[in-house]
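# Topology and contacts: notes
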Amino acid sequence: MPTEKPGRSRPDLMLYAKLAQYAPGYVCGQLELTSRCLQRCPMCASWRDSEPQGEMPMRTIVDLFHELNQLRTFEHLSLTGGDPQCYPFLEAVAKHPRKFQLQLTTAMMAMPKPWYEHFDRIRVSFDAVDPLMHKAMRGVYRAFPTTALEYLEGIDTEVSTLTTVNEHNIDAVPQILEFLTDYSFRNNRFRRAIFLLEIRDDLPQDVIDTFQEYTLQSRMWNLNTSFGESPIHAALMRNSALTRDCRCYVGDVSFHIKCNGDVYPCCLIGGEAIPTVTEMKIGNIGKEEIEGMFGLQWTHTHRPANYYKNQPECRKVCQWKQVTFNTMVKEAIDVRLAMP
Ligand code: SF4
Ligand code: SF4
């Protein structure tokens, strides 16, 4: 029986959960600009899709931004890939007029440009300080993995890091934390270090145990991390009574768009954690307006009421943020307030 306490409920997720029960419209989303990438991470499905997803035409992005600017509810768009740094029109995307926040999600394998300041936030993959460990994690050798962050010193924007944790780098987490704690983010605001335990059925038990230990220790660390958000607790929740009759509400507030324009309810099913689950496709932005797709995930008969029971992929890959969000929305809908 695991001894770990449940992760803390993030206040922003609770707010989104309250919002989601009234389904006001899309609030956030992710957009894959290109399937090209400068790395070959073993856990990544994106660059392995049997049909290459290609590159999103700039015209499609201009139209999408125009649509999103009209959506009263829309707040935040993340640019992903592949690696958005491979996208030839990234500068035009960064500078395009918008009413929402724009995040660049990258491994920062190339030098950033001064116009990167147009992004509201940059999230950098940072899995290793040691070059050989970087190769084990990202499939390519990088002499100084820390340059990924050092490149950003001159950029005036908000920065966060994302560390995928598995058997290769679990023991190096203190070293990564030490680097991040000492690192002087001179011109940018450091938001937080996110640590994601790799989703795999055969992850060794000692890796899981060490991760739990870090979770306990993290309360003492002088750095804002995601360790309170427990992937182990999420795994338990996915198979517990908490998710009984729980459908997925993530697609009621957000979307994930592949670079061929296909829209999915989340990035996991959309191919970031596993090969893309094509039967979960909601539509395509080249053919329909994004606003018209809102709510469509429930009109498809093949979408079960209980994702965690009936969708094997959801039961395998759904992460802490999504599972806690879904169960919070369910609770928000189930609980009715009454005067005493
Ligand atoms: S995880 Fe990201 S950086 Fe790594 S290969 Fe996949 S798309 Fe590229
Ligand atoms: S993986 Fe989670 S967020 Fe994605 S569709 Fe399944 S239940 Fe929803």
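Here, the structure is the one placed above.
Residues numbered from 1 in each chain as written. Chains lettered and ligands numbered in written order. Predicted model: local features only at pLDDT ≥ 70, side-chain atom pairs only at ≥ 80, totals over all residues.

### Details of the overall build of the chain
Basically, it comes down to this: In this description a helix means any DSSP run of H or I spanning at least four residues, a strand means any run of E spanning at least two, and both kinds are numbered starting from the N terminus. Radius of gyration here uses only the C-alpha atoms, and the compact-globule reference equals 2.2 Å multiplied by the residue count raised to the power 0.38. Exposure criterion: with C-beta atoms placed from backbone coordinates, a residue whose C-beta has 20 or more other C-beta atoms within 10 Å is buried, one with 12 or fewer is exposed, and one in between is partly exposed.
The number of helices and strands found in the chain is 13 helices and nine strands. Taken against the 2.2 N^0.38 rule, which gives 20 Å for 340 residues, the C-alpha radius of gyration of the chain at 20 Å falls within 12% of a compact globule. The principal-axis extent of the C-alpha atoms belonging to the chain is close to 55 × 55 × 45 Å. For the chain, the proportion of its 340 residues judged to be buried stands at 39%.

### Regarding the site of ligand 2
The cut-off we apply is this: Only the C-beta atom, placed from the backbone, is used; a residue is near a molecule or strand if that atom lies within 6 Å of it. Any residue that is not Ala, Val, Leu, Ile, Met, Phe, Trp, Tyr, Cys, Pro, Asp, Glu, Lys or Arg is counted as polar, Gly included; the first ten are nonpolar and the last four charged.
Surrounding ligand 2, one finds Cys 248, Val 250, Pro 265, Cys 266, Leu 268, Ile 269, Tyr 307, Gln 311, Cys 314, Val 317, Cys 318 and Gln 322. Residue assignment for the shell around ligand 2 shows that the elements contributing at least two residues are helix H9 (268-272) and helix H12 (312-317). Residues that form the shell around ligand 2 fall into these classes: 10 nonpolar, two polar and no charged.

### Regarding the site of ligand 1
Lining the immediate surroundings of ligand 1 are 12 residues, of which Cys 37, Gln 39, Cys 41, Cys 44 and Ala 107 lie closest. Residues of the shell around ligand 1, tallied by class, amount to five nonpolar, five polar and two charged.

### Some thoughts on the pairing of strand E3 (residues 101-106)
Rules: By definition, two strands form a pair when at least two bridges between them are found by DSSP. With the strands aimed away from the viewer, a crossover counts as right-handed if its path from the first strand over the helix to the second runs clockwise.
The sheet contact formed by strand E2 (residues 76-80) and E3 spans four bridges and is parallel. Paired with Leu 77 across the two strands is Leu 102, which belongs to E3. The β-α-β motif built from E2, the intervening helix H3 (residues 90-95) and the parallel element E3 has right-handed crossover chirality. With four bridges connecting them, E3 and strand E4 (residues 121-125) associate as parallel partners. Residue pairing for E4: Leu 104 is matched across the bridge by Ile 122.

### Some thoughts on helix H6 (residues 173-182)
Using the following cut-off: Regarding the arc, it is the one traced by the directions from the helix axis to the C-beta atoms. Two residues qualify as being in contact provided that their C-beta atoms, derived from the backbone, are within 7 Å of each other.
Every buried residue of H6 is accounted for by Val 173, Ile 176, Leu 177 and Leu 180. All buried residues of H6 project into a common sector of 100 degrees when viewed along the axis, lining one side. Along H6, the residues that are exposed and aim more than 90 degrees away from the buried face are Pro 174 and Asp 182. Next to the buried residues of H6 lie strand E5 (158-165), strand E6 (189-197) and helix H7 (205-217).

### A short note on the packing of helix H1 (residues 11-20) against helix H13 (residues 320-334)
Quick note on the threshold: Only the contacting stretch of a helix is used when fitting its axis, a line to C-alpha atoms as for every element, and angles between N-to-C directions run 0 to 180 degrees. Here the word oblique covers every angle except those under 35 degrees (roughly parallel), over 145 (roughly antiparallel) and from 65 to 115 (roughly perpendicular). The crossing is said to be left-handed when, going from far helix to near helix, the turn is anticlockwise and less than a right angle, and right-handed when the turn is clockwise.
At a minimum axis separation of 8 Å, H1 and H13 run at an interaxial angle of 50 degrees. Judged by the angle between their axes, H1 and H13 are oblique. The way H1 lies across H13 gives a crossing that is right-handed. Here Leu 13, Met 14, Tyr 16, Ala 17, Lys 18 and Ala 20 of H1 lie close against H13, whose contacting residues are Lys 321, Thr 324, Phe 325, Met 328, Val 329 and Ala 332. Here the contact of H1 with H13 is built from residues that sort into nine nonpolar, one polar and two charged.

The quantities given are spatial measurements derived from coordinates; they are silent on function.
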